[in-house]
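Here is how the chains run, residue by residue.
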Amino acid sequence: MARNVYMEELNESTYFPDEYAGIADNFFQAYRIESWTVCPGEKMRIKKNGRVLVCRFCGKTSEEVKFGYAHVLSELLGNRYLVSDFECDSCNKLFGGNEDQLSKFLGMARTVLFAKGKEKVPTFKSDGIRMETSVDNHGDSWLHISRDSASGNISYDLVTGSVKVTGIKQSYVPQAVYKALVKMALSCVSDQVVQDYRLGLDYIRGVGYEEAGGVFARTVIRYTFPPAFRYERPTVYIFKKRDPDALLFNRVFLLFALNYIYILPIPFDLEDMKHGGGSLELVPPPPIFTNKYHFPTSAILREIMDLSSLEIVKNDVDAIYISGRPGEKPFGFVYDNGTSGVSDRVFDVNDIERISIKRVLL
Ligand SMILES: [Zn+2]
């Protein structure tokens, strides 16, 4: 657990793993926190008081279009209560299409992480595999993975002792997923800052600029943590570069949700456009935590994702690993569904019909 001298403006409880000290120095030297948003734990009270509302995305007012309370961050990511009064119903509906793509892109993650959407934890279904959750009489949560037939969805590695469960995500369009992330970024900046992103607002509404958007969408960084860790309340940090002349993207959006951190430059920034966009760099931040985690740093995965494609991605494989002890079989005994007793059969991964795992938070 470490901090550095450049983090003075960040909440004192924030830190990064020691191993990321070099990355953290580079990032916090280059960027200063501009604003942050934490999803509240209870309903927000926004008073409309007869004000005329203006949609920050399309510019229409409550005299022209209807306004409800729109979610600032997607409910898919566990945001229940963070809402705004600056998104009109038609923009909200429009953005719902991109959120649907985000949902497909997230695949089994929300089920595995017990992340409730509007109502309950979603069931993940894919060819031959089904994942769903339940709560038992003691209040413990369980993840159930069942397999229809002896398909290859469950495999086992004796060396690492881990069981791998695979499934196929529903088809999605990467750049629509990217737009869903950008929409969240543009919802979290202030009324004043959003003025620097006129093109970005048009872009996420599908007015155009998809080619330029694709250039930005090529650089999305994602940290993934083991599924036993989850950010309970989605949180957003927006960083701004310290040196206006540095050849870096002006603002960087960090989204902490589920067991991920998504990191992207906020696209179409007026300052960035002056530099021509393409020549700018993104200095990656370290993974930032505000509460303790109990997994080795080696379990943190960092990827650079390219979400620029406008083509539908089909048959994207998703997987979870259930870790066991190296060299040991994952299950102590074999339960026979036929006799409802313990069988003396030798464990064979191909016999598995169902795996039930109790949720333990790390
Ligand atoms: Zn609107």
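Residues numbered from 1 in each chain as written. Predicted model: local features only at pLDDT ≥ 70, side-chain atom pairs only at ≥ 80, totals over all residues.

*Asks:* So what exactly am I meant to see when it comes to the overall build of the protein here?
*Replies:* Scanning the protein from terminus to terminus reveals seven helices and 17 strands. On C-alpha atoms alone, the protein measures out to a radius of gyration of 22 Å, which is about the 21 Å that the 2.2 N^0.38 rule sets for 362 residues. By principal-axis analysis of the C-alpha atoms, the protein measures approximately 70 × 50 × 40 Å. Taken over 362 residues, the protein has a buried fraction of 34%. Intrachain contacts of the protein at a sequence separation of at least 6 include 68% that bridge at least 24 residues. (Helix = DSSP H or I, 4+ residues; strand = E, 2+ residues; numbered from the N terminus. Rg over C-alpha atoms; globule rule 2.2 N^0.38 Å. Buried ≥ 20, exposed ≤ 12 C-beta atoms within 10 Å, placed from the backbone. Contact = placed C-beta atoms within 7 Å.)

*Asks:* How do you make sense of helix H1 (residues 21-30) when you look at a structure like this?
*Replies:* Because an α-helix completes one turn every 3.6 residues, residues spaced three or four positions apart along the sequence face the same direction. Taken together, the buried positions of H1 are occupied by Ala24, Phe27, Phe28 and Ala30. Buried residues along H1 cover an arc of 160° about the axis, so they all sit on one side. Elements that come into contact with the buried residues of H1 comprise strand S1 (31-38) and strand S10 (231-241). (Arc of directions from axis to C-beta.)

*Asks:* Got a minute to help me understand the nonpolar core in this structure?
*Replies:* Across soluble globular proteins, nonpolar side chains show a tendency to be buried alongside one another. Ranked by size, the top nonpolar core spans 84 residues in total, and within it Val177, Leu181, Phe253, Leu254 and Leu255 carry the most contacts. With 10 residues, helix H4 (residues 174-188) is the largest single contributor of residues to this core. Not counting residues within four places of it along the chain, the set of residues in contact with leucine 255 comprises Leu181, Met184, Pro234, Val236, Ile261 and Tyr262. (Core = buried A, V, L, I, M, F, W, Y, C linked by C-beta atoms within 7 Å.)

*Asks:* Sorry, what's going on with the sheet that holds strand S17 (residues 354-358) here?
*Replies:* Adjacent strands of a sheet form backbone hydrogen bonds with each other and so pair up, either parallel or antiparallel. One open sheet accounts for four strands, arranged S4-S5-S6-S17; its pairing is antiparallel. In the strand order of this sheet, the two ends are held by strand S4 (124-126) and S17, each with one partner. Across the sheet, the mean angle from the axis of one strand to that of its neighbour is 15°, orientation sign disregarded. Note: strand S6 (residues 141-147) against S17, five bridges, orientation antiparallel. Within S17, the position partnered with leucine 143 by the bridge is isoleucine 357. (Pairing = 2+ DSSP bridges. Axes fitted to C-alpha atoms, helices over the stretch in contact; angles between N-to-C directions.)

*Asks:* Sorry, what's going on with the pairing of strand S9 (residues 220-224) here?
*Replies:* The side chains of a regular strand alternate between the sheet's two faces. Strand direction decides the pairing type here: S9 and strand S13 (residues 301-305), joined by five bridges, are antiparallel. Counterpart to arginine 222 in the pairing with S13 is glutamate 303. Bridging between S9 and strand S12 (residues 260-265) involves four bridges; their strand directions are antiparallel. By the bridge assignment for S12, tyrosine 223 is matched with isoleucine 261.

*Asks:* Explain the environment of phenylalanine 114 here, please?
*Replies:* If you trace the backbone, phenylalanine 114 turns up in the loop between helix H3 (109-112) and S4. Separated by 18 residues in sequence, phenylalanine 114 and glutamate 132 have C-alpha atoms that sit 9.0 Å apart. Sequence-distant contacts of phenylalanine 114, defined by excluding residues within four places in its chain, comprise Val121, Thr133, Ser141 and Arg359.

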